[in-house]
Amino acid sequence: EAQQLSNKGWFVLVAWKNTDSKFQGGHGHIAWVRPSSKDVSQILVRGPDVSQAGYTNYKKTDVATGFGNGRAWTTDVKVARQVRFFAVKLSTSKS
């Protein structure tokens, strides 16, 4: 759904709360979902396409790569993912 909303012009964020203070100092991660024609089967495994700024900047990558730790997004579709998506519909009116 996050990828579909982004494709329709919504602003979609993906966030991960790191609850392990020993892992990367307890820092979480956030990125924005970018429009993509990625197949649903690819999204299920790798997550939606995102852009992000951080230790490594990406103009285009997927959640599994961008969050790159196996904790936030696992490629095993049977394991619960720890990311949350937030979406806001952007207005196109010029008022």
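Predicted, not measured: the structure shown is a model, and the values here were computed from it.

K.L.:
What exactly am I supposed to notice about the pattern of salt bridges here?
P.N.:
Note that side chains of opposite charge can pair when their charged atoms are close. With the rule as written, the count across this model stands at 3 salt bridges. We note a salt bridge from Asp 62 to Arg 46, for which the minimum N-O separation is 3.4 Å. Within this pair, whereas Asp 62 is found in strand S4 (residues 58-62), its partner Arg 46 is found in helix H2 (residues 40-46), the two being separated by 16 residues in sequence. Arg 46 sits in the partly exposed class, given a relative accessible area of 29%. The salt bridge involving Asp 49 is made with Lys 60; its shortest N-O contact spans 3.9 Å. Here Asp 49 is found in strand S3 (residues 49-52), whereas its partner Lys 60 is found in strand S4, with 11 residues between them in sequence. Using a relative accessible area of 5% as the deciding quantity, one classes Asp 49 as buried.

K.L.:
Please clarify how the nonpolar core should be interpreted in this entry.
P.N.:
Considering soluble globular proteins, one finds that nonpolar side chains tend to be buried as a cluster. Membership of the largest hydrophobic core comes to 14 residues, with the highest contact counts inside it found for Val 14, Val 50, Val 63, Phe 67 and Val 83. When residues of this core are traced back to their parent elements, those giving at least two are helix H1 (2-7), strand S1 (11-16), strand S2 (29-33) and helix H3 (63-66). Aside from chain neighbours lying at most four places away, what touches Val 83 is Val 14, Ala 15, Trp 16, Val 63, Phe 67, Ala 72 and Trp 73.

Calculation notes
- Residues numbered from 1 in each chain as written.
- Predicted model: local features only at pLDDT ≥ 70, side-chain atom pairs only at ≥ 80, totals over all residues.
- Heavy atoms only, no water.
- Salt bridge = Lys/Arg side-chain N within 4 Å of Asp/Glu carboxyl O.
- Helix = DSSP H or I, 4+ residues; strand = E, 2+ residues; numbered from the N terminus.
- Buried < 20%, exposed > 50% of the residue type's maximum accessible area, 1.4 Å probe, protein only.
- Core = buried A, V, L, I, M, F, W, Y, C linked by side-chain atoms within 4.5 Å.
- Contact = heavy atoms within 4.5 Å.

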